[in-house]
Amino acid sequence: MLKIPPHQVAGHQAGNGKLGPLVDESGRFYKPLQGDERGSNELKFYTSFSSDSRIPEHISKFFPTFYGTQLIEASDGSGLKPHLVLEDLSIGRVNPSIVDIKMGSRTWAPEASEEYIQKCLKKDRETSSLPLGFRLSGIQIYGNKESGYWKPERTSMQNLPAEEVKLILKKFVSSNTSTGMDLQPDCAFTATVYGGSTGILSQLLEMKAWFEDQTTYHFYSCSILIMFEKGLALEGQNPGGQIKLIDFAHVTEGRGVIDHNFLGGLCSLIKLISEILTAPNEHKSLVSSVNGVN
Ligand SMILES: Nc1ncnc2c1ncn2[C@@H]1O[C@H](COP(=O)(O)OP(=O)(O)OP(=O)(O)O)[C@@H](O)[C@H]1O
Ligand SMILES: O=P(O)(O)O[C@@H]1[C@@H](O)[C@H](OP(=O)(O)O)[C@@H](OP(=O)(O)O)[C@@H](O)[C@H]1OP(=O)(O)O
């Protein structure tokens with residue numbers, strides 16, 4: 001039995017007769033092949049990448065496993081349609097906090113049409129993509145049993161200015177955001193989620209090393225998903241912080257050049273996460289010093 005992904009935070013969403021991804025009970029994520037050449041482009045990428053022996057295992061683990069394509073009933077009632085069959089990255093997670101970060105100061109490839117470039121350029125300028133090298137596409141933060149998830153409107157997340165993005169990434173690893181009030185995030189889980197030898201920062205650095213070398217693909221408009229289990233963090237256990245790369249509808253050939261657009265955004269994200277790790281409360285101290293409270 002297929003259903004709407006319970007933990008989808010961005011992208012085209014199924015439901016209300018719209019076309020979007022579906023999941024089954026056995027850990028499979030079915031993404032409909034999108035119109036224009038986007039669907040065939042993403043299929044071409046997964047086919048090439050999943051059979052590319054040059055990809056080291058510690059890098060391929062950042063990508064969903066690809067199980068080919070399958071004809072299934074499309075969520076918009078348009079009948080049997082081809083879908084990518086991918087590993088469901090949220091399988092086994094109970095109350096995952098998830099953020100979808102669309103990478104790159106440019107979300108358009110040089111090969112795209114002038115019309116598409118203008119559409120993306122407008123968005124890149126209006127969001128944190130151009131100044132920061134990435135933007136938040138969607139987020140869900142698990143509070144607790146009573147409050148459930150904080151899942152703000154996607155457009156409010158996409159259009160955040162750069163300094164607000166840092167505040168959200170602090171909220172993401174805080175324990176006092178379930179009230180939804182505009183409390184200063186306490187950054188209670190920064191060290192266990194972002195830090196540590198297997199934490200988010202170390203995984204981002206591992207990914208960066210590959211992007212400083214690989215010249216096969218340019219990952220335009222793809223997203224880094226950051227996920228972790230707040231429940232485990234609350235119990236002082238390893239919260240299972242993980243990063244994954246998704247959405248390859250606009251990947252192009254690298255033609256022997258590194259993907260400096262993605263890499264720039266990745267360095268910017270690493271810088272920001274490092275700042276949160278080393279000075280989680282710098283905002284609070286700044287505020288208290290301004291108010292003369294020590
Ligand atoms: N393999 C996966 N397993 C679980 N969830 C996934 C997977 N791939 C994507 N998602 C969820 O679906 C959302 C959208 O994914 P994706 O970006 O691939 O779709 P899209 O419609 O192409 O998005 P966009 O419109 O931004 O291009 C992600 O934010 C994530 O929450
Ligand atoms: O970039 P695409 O593949 O043409 O699809 C865009 C894209 O999903 C865009 O999301 P984002 O990249 O701005 O996060 C969608 O905008 P919204 O998130 O505001 O809905 C567009 O709607 C998508 O275009 P399309 O509707 O043509 O698929």
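Residues numbered from 1 in each chain as written. Chains lettered and ligands numbered in written order. Predicted model: local features only at pLDDT ≥ 70, side-chain atom pairs only at ≥ 80, totals over all residues. Heavy atoms only, no water.

Structural notes on the pairing of strand E9 (residues 223-229)
Alright, step 1. The buried fraction of E9 amounts to seven of the seven residues, a majority that puts the element mostly inside the structure.
Alright, step 2. Burial of the side chains of E9 extends over both faces: Ser223, Leu225, Met227 and Glu229 are buried on one face and Ile224, Ile226 and Phe228 on the other.
Alright, step 3. As defined by bridge partners, strand E5 (residues 96-103) adjoins E9 across seven bridges and the pair is classed as antiparallel. Looking across to E9, one finds that lysine 102 is bridged to serine 223.
Alright, step 4. Sheet topology note: the E9/strand E10 (residues 242-246) ladder contains five bridges and is antiparallel. In the sheet register, methionine 227 faces E10, and the bridge partner there is glutamine 242. (Buried < 20%, exposed > 50% of the residue type's maximum accessible area, 1.4 Å probe, protein only. Helix = DSSP H or I, 4+ residues; strand = E, 2+ residues; numbered from the N terminus. Pairing = 2+ DSSP bridges.)

Topic: the site of ligand 2
Alright, step 1. Around ligand 2, the neighbouring residues are His12, Arg38, Lys102, Tyr116, Lys119, Lys123, Arg135, Ser137, Arg154, Gln158 and His250.
Alright, step 2. Here an oxygen atom of ligand 2 sits 2.8 Å away from a polar atom, N or O, in the side chain of histidine 12.
Alright, step 3. The separation between an oxygen atom of ligand 2 and a polar side-chain atom of arginine 38 is 2.7 Å.
Alright, step 4. When contributions to the shell around ligand 2 are tallied by element, the ones reaching two or more residues are helix H3 (114-126), strand E6 (134-142) and helix H5 (154-158). (Near = heavy atom within 4 Å. Polar contact = N/O pair within 3.5 Å; in protein donor to acceptor, adjacent residues only side chain to side chain.)

Concerning the sheet that holds strand E4 (residues 80-87)
Alright, step 1. Overall, antiparallel pairing links the four strands, which are arranged E1-E2-E4-E3 in an open sheet. Bordering the open sheet on either side are strand E1 (22-23) and strand E3 (66-73), each of which pairs with just one other strand.
Alright, step 2. Running over the sheet, helix H1 (residues 38-50) touches strand E2 (28-32), E3 and E4 and is turned about 145 degrees from E3. (Contact = heavy atoms within 4.5 Å. Axes fitted to C-alpha atoms, helices over the stretch in contact; angles between N-to-C directions.)

A few points about the pattern of salt bridges
Alright, step 1. For the coordinates displayed, the defined rule picks out eleven salt bridges.
Alright, step 2. Note that lysine 61 and glutamate 206 form a salt bridge whose closest N and O atoms lie 3.3 Å from each other. One end of the pair, lysine 61, is in the loop between helix H2 (57-60) and E3; the other, glutamate 206, is in helix H8 (residues 200-211), with 145 residues separating them in the sequence.
Alright, step 3. The salt bridge partner of aspartate 124 is arginine 135, with a shortest N-O separation of 2.9 Å. A residue pair is termed long-range when its members are at least 10 positions apart, and aspartate 124 in helix H3 and arginine 135 in strand E6 qualify at eleven residues.
Alright, step 4. Because the salt bridges share partners, they merge into one network encompassing Lys31, Glu42 and Asp247. (Salt bridge = Lys/Arg side-chain N within 4 Å of Asp/Glu carboxyl O.)

Examining the packing of aromatic side chains
Alright, step 1. Across all of its chains, the model carries 23 aromatic pairs by this definition.
Alright, step 2. With a centroid separation of 5.6 Å and an interplanar angle of 80 degrees, the aromatic rings of phenylalanine 45 and phenylalanine 219 are classed as edge-to-face. Of this pair, phenylalanine 45 sits in helix H1 while phenylalanine 219 sits in strand E8 (residues 217-219), and the two are 174 residues apart along the sequence.
Alright, step 3. Residue classification places phenylalanine 45 among the buried positions, given a relative accessible area of 3%.
Alright, step 4. A residue is classified by how much of its surface remains accessible, and phenylalanine 219, at 1% relative accessible area, is buried.
Alright, step 5. With a centroid separation of 5.6 Å and 25 degrees between ring planes, the pair formed by phenylalanine 63 and phenylalanine 248 is classed as stacked. In this pair, phenylalanine 63 sits in the loop between H2 and E3 while phenylalanine 248 sits in the loop between E10 and strand E11 (251-253), placing the two residues 185 residues apart along the sequence. For the pair phenylalanine 63 and phenylalanine 248, one class covers both residues: buried.
Alright, step 6. Sitting over the ring of tyrosine 67, arginine 28 keeps its end group 3.6 Å from the ring centre.
Alright, step 7. For arginine 106, the ring lying beneath its charged end belongs to tryptophan 108, and the centroid distance is 4.7 Å. (Phe/Tyr/Trp six-rings, centres within 6.5 Å; stacked < 30°, edge-to-face > 60°. Lys NZ or Arg CZ within 6 Å of the ring centre and 35° of its normal.)

Digging into the packing of H8 against helix H10 (residues 260-278)
Alright, step 1. Two elements in contact, H8 and H10, have axes whose closest approach is 10 Å; the angle formed by their N-to-C orientations is 155 degrees. The pairing of H8 with H10 is recorded here as roughly antiparallel in orientation. The chirality of how H8 crosses H10 is left-handed. Residue-level inspection shows Leu201, Leu204, Leu205, Met207, Lys208 and Phe211 of H8 in contact with H10, the latter providing Phe262, Leu263, Leu266, Cys267, Leu269, Ile270, Ile273, Ser274 and Leu277.
Alright, step 2. A per-class count over the contact of H8 with H10 returns 13 nonpolar, one polar and one charged. (Parallel < 35°, antiparallel > 145°, perpendicular 65-115°, else oblique. Left-handed = near helix turned anticlockwise from the far one by under 90°. Nonpolar A, V, L, I, M, F, W, Y, C, P; charged D, E, K, R; others polar.)

Function cannot be read off these values alone, since they describe shape.
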